[in-house]
Structures are given as C-alpha cells and as structure tokens.
Amino acid sequence: MCDSLLVLNIKVTERKLGWFAEKISQTLLCVLLRSRYLRQYCSSDTTSTCRRKMEVIELGEVDLNCPSNCQIHNTHFFGTDRQIIRRGQAFNFYARFQNREWDDSVDQAVFTVETGLRPCESNETKCTFPMGKCLDQTCWSASHKIHQPKCINISVFPPSNSCIGRYILNMQITSCGHTYQRCLGDFYVLFNPWCADDPVYMDNQAHREEYVLNEHGILYEGVHKHITSRPWHFGQFEEGILDICLKILDMGASYHHGSDRDHCWRNDPVHVSMVVNHMISSHTTNSIIKIPENNDYLKGTKPFSWNGSVPILQQWYNGRCRPVRYGYCGSLASVMCTVMRCLGIPSRVVTNFCFPCSIENPLGINEIFDCTGKNLCGKDKLWRYHCWNESWMARRDLNQCCGDWQCLDPTPLETGRGLACSGPTWVRSIREGELDMDYDGHHMFSRVNSNYVGWLSQNNAKRTKFFCDAWPCGQRLITKSVGSEQFEDITGAYKYEIGMISSVKNKEACYRAYRRIHPGYCNASNCHIERELSSLKNPFLSDSGINMRLKMANCPMYGEDVQLHWLLENLRNENKNLKFNLCAQIITYSGCPMDQFWKDSVNVTLGPREVKKIPLCISYSQYGPYLCDHNIMKVVAVSDPECGEVLMVSRDIVINRPPVIVKLLSQPRLKVPCTAEISFCNPLQEDMKNCVMTLEGCGLFKEPMTIE
C-alpha cells in the first residue's frame, strides 16, 4: 500500500514538472529498488527469528544437586548420593535445555509429586503444582531463576504438613503449544526439627544434635542404688536403615483402620509414632523383636547380647519381616529410638527404676515372701528397671502449640485387656494426673506412682503385711545427658519431687488420677481416696520401734565375694529379742524370682537405743553357679512371726561385669588401617572356656565380627 501510493504521487508530480521528470524518475527507481530489497531482507530475517523462537524447548540434563541439598537439610549423614530432604524447607536443582533459553512467555512447567502405592490428591499423597516466580510456603510450590545460559535453578518447597516417605517427582513442560513430561527421579521427605512450623520442631541446636543426629547412646540398667550403663549404637544413618524404617511404616499401616494403602496418616508424628510403637513388638506377625517367654531364649539370640539397633533391623528386613529372637525392654526402646530419629522425630531412651507391673490394682504392687525370706512368684512383678522411649512433638490433637516430650513404651505389658504397648502419653499429663486426655495415661501414671506392698505368706493361707521401708515405684527416671556420657535425672518431669509444696501437688495429682482410674470414686472426697491409698502401703519399720537397713561394704565384681553390713537400731527404751531368717535369691530385671542359693538364721538382741552392725558375706562359690545374664540378686532378712510384729529389710545387689579395655596403638587417620589392642582380665580362679567376643564399629565393620 505504501509503495503504490508513493508511485502514484510521483507520477502526478511528473506531469506537473515535465522538465524535471527524467531526473526524479531515475532517483525514485533507485530508492524503490533499495526499499524493496531491504523489506525483503528484513522480512526474511524476522521470519527466521520467529521460527527459532517458536521451537519447542528441549529439556536436557537435570542435576538434582543432592550433596548441597543434603548438607542444607542436615541429611548428609545418610550420604549424598540420594535426595533426602526435610519438609518445610525448599530444595534446589538445575535443569539444562539443549536448544534455547527458557522463556516464560511461551514455556510453562508443572510438577507432580506422588508417594505411596495409590497416590491420590484427596488424601494428600499426590500434588500437582505449577512453577512460578516465587514460592508459596503454605503448600507444595516451585519457582525458578536463571542460573547459566540455557540453565535454570528450580526450587521446590514441601510444606511442613506433607507426608513423610519416598516420593516420585515428575516435570511436565508445555512449550509452543506442545506438552511433554519427564520423570526426574525420586526423593525422600522427613520430619524437620529445624522448621518452626513442623510439630517436631526443637529450638535448641544442642538438643537437636543429641536427639536427632547422635548415633551413639547409653543404656542404663541395674537398680536404683547401683546404676550400670552400657553403650548402644543407634545407627539411624547407616546404609539401608532409612528404607527399613519406611518398610516398618508400610507393614504397620494396617494399625490405622481403613488407611492401609493411602499413606495419608504419615504427615502426623503422633500417628507415625503409634505405628512404630506398635510394630516394635506388638504386631501379631511382623513385629521387629520378640520377647522370650519365661526367660527361655535357647531358640534365638540372648536378649542382652545386642549392642546396637542396626543388626536387629537388618535381620528383620532380610528375614522377610519376621520377628527377631530375642530382645528385652532396653533393646526394644533403643530400636524405636533409632527409627524415630531416622524419620526426623527427636527421641531418647528413658530408664525407670522400680517399675511395677500389676494386673489387679493399677496403683498397688504386691510382693509375697515366705518365712525364710524367699520371694514367691505371684501375679504382680516389680521390675528392677524398665526402658521406654520419649519423643518430642507438639500434640495437635491436644491443642498444644509447642513441642514437649511424649512417652512411648513399645514393650507389650499386661493392661487388663491383654498385652499391649502404650502411648503416646504427654509426660506432663502424667505428673498432673490428667489421665483422660491422652492415650494410656492411667497405665503410665501407675508405672511411676504405684504403692509397694510386701506380704508374708504363712501356710499359703494367711498373709501379713511387713513392717518395712519400701522404696516407692518410679523411684528414679534417667536418660543420657545432652552432649555428655553422664545421665540426667528427669524424675521431676514425671512426678513432683519430695517437699512440702511439691508433696501437696503430688497428692492432688494422685487424687485426680485415682478418680479416673477407679470410676466408682469419681465423686469421692480427698480424705476417702487418701484412706484407700494408705491401705496400699506397708507400715514403716519405725512404727515397730526398729530401724534396719542393708549397706554394701564393697562393690563386688564377678568372681568376688559380696560383703554387706546389716545395721539395726532399737528406737525404744526396752530390750528387743528377735530372730531373723536371711536368704539370697537370683532376680531377673523383670522381677521374676529365680533360685534361692543362700540361707541363714540369726538371733539378735538389742538393748535400749542400741545400734548394731552385723557383717554378712556371700561368697562367689555360693552365688556364681546361679547368676544369670541379669547379674542381680536380692538379699532379704525377715523376722520370725512368733516374735510378734513381722519386720523385713531387703537389698537388691548388682554384680559388676569385668571390663573390656580397647586401646588404640596408633593415631587413627581417615582411610588408613589402624591397630587396636583389646584386653580382658579373667576375674575367676579357674580357666574360662568357650569365650566369644563380638566386635561392632560404626563405619569400621559392615557387620558384627565374632572372635572365639
């Protein structure tokens, strides 16, 4: 149009100005030819540029940036060859293109993440979201920025309420009207104690390092007056453990009725902890560890021979998820601690000394003795110690806005409805006696507040209460200290400490708990409940006018004689003539009485206000043949019923194991062989035969090494 108009105007000019026509015609022809040439050239160049710009962008190499992401997400301890990230925190990766730059005007990307066997958007196990300019931290989102020519840096944000587990990441690209997709691989999402929006958030870095990242722990055993310890390797970052932990969630999914396939419960640490707790030893067919019946473990591994969680979990996984034989409360709690730390939930193992296991009365534990002092096997058991697990989380189901310790006991115990594990139970609710607000609160309360009652059985018919100074149940609760090899006493978290004000608060908690445990006392007065609680106690020795206690004169090692001092004090201004029967008996850690191997009888005369110290000796030759893996014996002195009031004093004694000393003969260096010397001294006066030494080391041995 423009060219025609220009030519027309020029012709008109030619007619008017004839004498100048030839000159103008030549000039115009030159301009027209040049203009048409330029238009043709520019049109050709523009068409070529548009053609190149409209080409479908071709996705090339994708770098998931695993080493950097794992470092930022505190998951590099698993290794850096896999994408393991924590929810509530973005991760980055790089996408390179083969033919041109990314152009937001013609290129769009949509991501899809899926987890579980049947991913579904309705139960939040599948999510599709576009890639934008910035992240939305309330849901799954993605953003990008230019990194290098033909390369963009993509950030993906998993929200703090996303399900944990293994995900598949797909990327769909729409470019110039053409759509295609590619699977970018898999990645793992864990709970995030570093994220303030995650219910497992823990605001203390030293605590996170201890309760999430530390692979080494200590188990506390023995009795409350003689606490022993041994190391335990949790190994939550060992090769293959994460996949085993997710397999545990798969096998235990049926615990949530109707949701055995959709994985939707995996976003809640409360439900995850319940599944793990159930799977440790309560699952009917696929539990991880089996506890021996009647202390018979001839068909499996001795419960006390395990030194770490990794061999137990590997044996369960490689054995088609069949229970490992055998374990005890310490190994059960430790394996659970491994699984919880691996999944990102801060956890620790707690030991409770003087742990009652009563069937008939939740707040009373009965031990029965005969006139020789022998502990008779009754329905109730007073465990010398018991281990369980504590995990840190904010309980949304209890409207908690901040995290706190929750008690989880994976050991199946008699509850009146059969054997079952317990928890999660808010530790503070146990101390306050608020038992109707939580799972198994009354069971956990009774395990730290039951009253001990000792009985003398005469002719299997008449029972008489002893005068004795019984230690209360839940005498001491301890766990490993943060960043230290020492233990921390946490008894005050479960029950109020002794004192005037604390004693009042403790009584109030007991009254509340009693009303909830015994519905018949729902409207009973405090005085009525106090009388009931008092009936569950023994009269004190001082009420009889006598004080007694058994005091250790030495700390016996295996092979050494046991030396005790029996201290007696007459509190009255009159003579006391008493006859006592003494005995010693092997006791398992779970309170089962074994062989009675020593007996004696002593006549004692005490003058007014007199104090006596009587030495007692039990030789190794007497206890050695009977001592079992638990290394615990009980010494009891019982007065003859014919002398009047029945008095009793007892002492639990732990026989120390001889130490094994490991000494490095050279300075250890990474990837350089190192020599160590292992020494053990035979404490006996006889040869030791058929000895077996088992060596384990994190990063040193792929599996335990046995030396005969």
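These remarks concern the structure in this document. (Residues numbered from 1 in each chain as written. Predicted model: local features only at pLDDT ≥ 70, side-chain atom pairs only at ≥ 80, totals over all residues. Heavy atoms only, no water.)

The biggest cluster of nonpolar side chains holds 96 residues, and the ones touching the most others in it are Leu249, Ile288, Leu343, Trp388 and Tyr494. At ten residues, the largest contribution of residues to this core is made by helix α8 (residues 329-343). Formed by 33 residues, the second largest nonpolar core is a distinct cluster that contains Leu578, Leu616, Leu647 and Val649. (Core = buried A, V, L, I, M, F, W, Y, C linked by side-chain atoms within 4.5 Å. Buried < 20%, exposed > 50% of the residue type's maximum accessible area, 1.4 Å probe, protein only. Helix = DSSP H or I, 4+ residues; strand = E, 2+ residues; numbered from the N terminus.)

Along an α-helix, residues three or four positions apart point the same way, because every turn accommodates 3.6 residues. When you tally the buried positions in helix α10 (residues 441-449), you get eight out of nine residues, the bulk of the element. All of the buried residues along α10 are Gly441, His443, Met444, Phe445, Ser446, Arg447, Val448 and Asn449.

Following the sequence through the fold, His224 ends up in the loop between β10 (216-223) and β11 (226-233). Take His224: its relative accessible area is 16%, and that puts it in the buried class. In this structure, His224 is in contact with Phe353, Cys354, Trp471, Gln475 and Arg476, ignoring residues within four places of it in sequence. (Contact = heavy atoms within 4.5 Å.)

Pairing is antiparallel in the open sheet, where six strands are placed in the order β19-β18-β17-β14-β22-β23. Strands at the two margins of the open sheet, each flanked by one partner only, are β19 (419-426) and β23 (487-489). Strand-to-strand twist of the sheet, defined as the mean angle between neighbouring strand axes without regard to direction, takes the value 25°. Taken strand by strand, helix α6 (residues 269-281) contacts β17 (381-393), β18 (404-414) and β19, and its axis lies near 155° from that of β19. Across the sheet, α10 is in contact with β14 (347-357), β17, β18, β19 and β22 (476-480); its angle to β14 comes to roughly 70°. (Pairing = 2+ DSSP bridges. Axes fitted to C-alpha atoms, helices over the stretch in contact; angles between N-to-C directions.)

Okay, the pattern of salt bridges next. For side chains bearing opposite charge, pairing can occur when the charged atoms are close. Evaluation of the coordinates by the stated rule reveals 21 salt bridges. For Asp397, the salt bridge identified is with Arg395, shortest N-O distance 2.9 Å. By relative accessible area, which is 0% here, Arg395 ends up buried. Residue Arg512 pairs with Glu432 through a salt bridge whose shortest N-O separation is 3.6 Å. (Salt bridge = Lys/Arg side-chain N within 4 Å of Asp/Glu carboxyl O.)

The sheet built from four strands is open, its strands ordered β27-β26-β29-β30 with antiparallel pairing. Each having just a single partner strand, β27 (593-606) and β30 (648-654) make up the two edges of the open sheet. Across the sheet, the mean angle separating the axes of adjacent strands is 15° when strand polarity is ignored. By the bridge criterion, eleven bridges tie strand β26 (residues 576-587) to β27 in an arrangement that is antiparallel. Bridged to Lys576 within β27 is Leu606.

Let us now look at the environment of Asn581. Mapped onto the fold, Asn581 is located in strand β26. Residues Asn581 and Ala637, 56 residues apart in the sequence, show an inter-C-alpha distance of 5.7 Å. Apart from the residues within four sequence positions on either side, Asn581 is in contact with Cys371, Thr372, Asp600, Ser601, Val636, Ala637 and Val638. Polar side-chain contacts of Asn581 include one of 2.9 Å to the backbone oxygen of Cys371. (Polar contact = N/O pair within 3.5 Å; in protein donor to acceptor, adjacent residues only side chain to side chain.)

The next thing to look at is the packing of aromatic side chains. Following the criterion strictly, the structure yields 28 aromatic pairs and no others. Aromatic pair Trp383 and Tyr589: ring centres 5.5 Å apart, planes at 80°, arrangement edge-to-face. Linking Trp383 in strand β17 with Tyr589 in the loop between β26 and β27, this pair joins segments that are 206 residues apart in sequence. Residues Trp383 and Tyr589 agree in their burial class; the two are buried. Between Trp392 and Trp405, the ring centres sit 5.3 Å apart and the planes meet at 80°, which makes this aromatic pair edge-to-face. Of this pair, Trp392 sits in strand β17 while Trp405 sits in strand β18, placing them 13 residues apart in sequence. These aromatic residues form a ring-pair network of at least three members: Phe304, Tyr328, Phe355, Trp383, Tyr385, Trp388, Tyr494 and Tyr589. (Phe/Tyr/Trp six-rings, centres within 6.5 Å; stacked < 30°, edge-to-face > 60°.)

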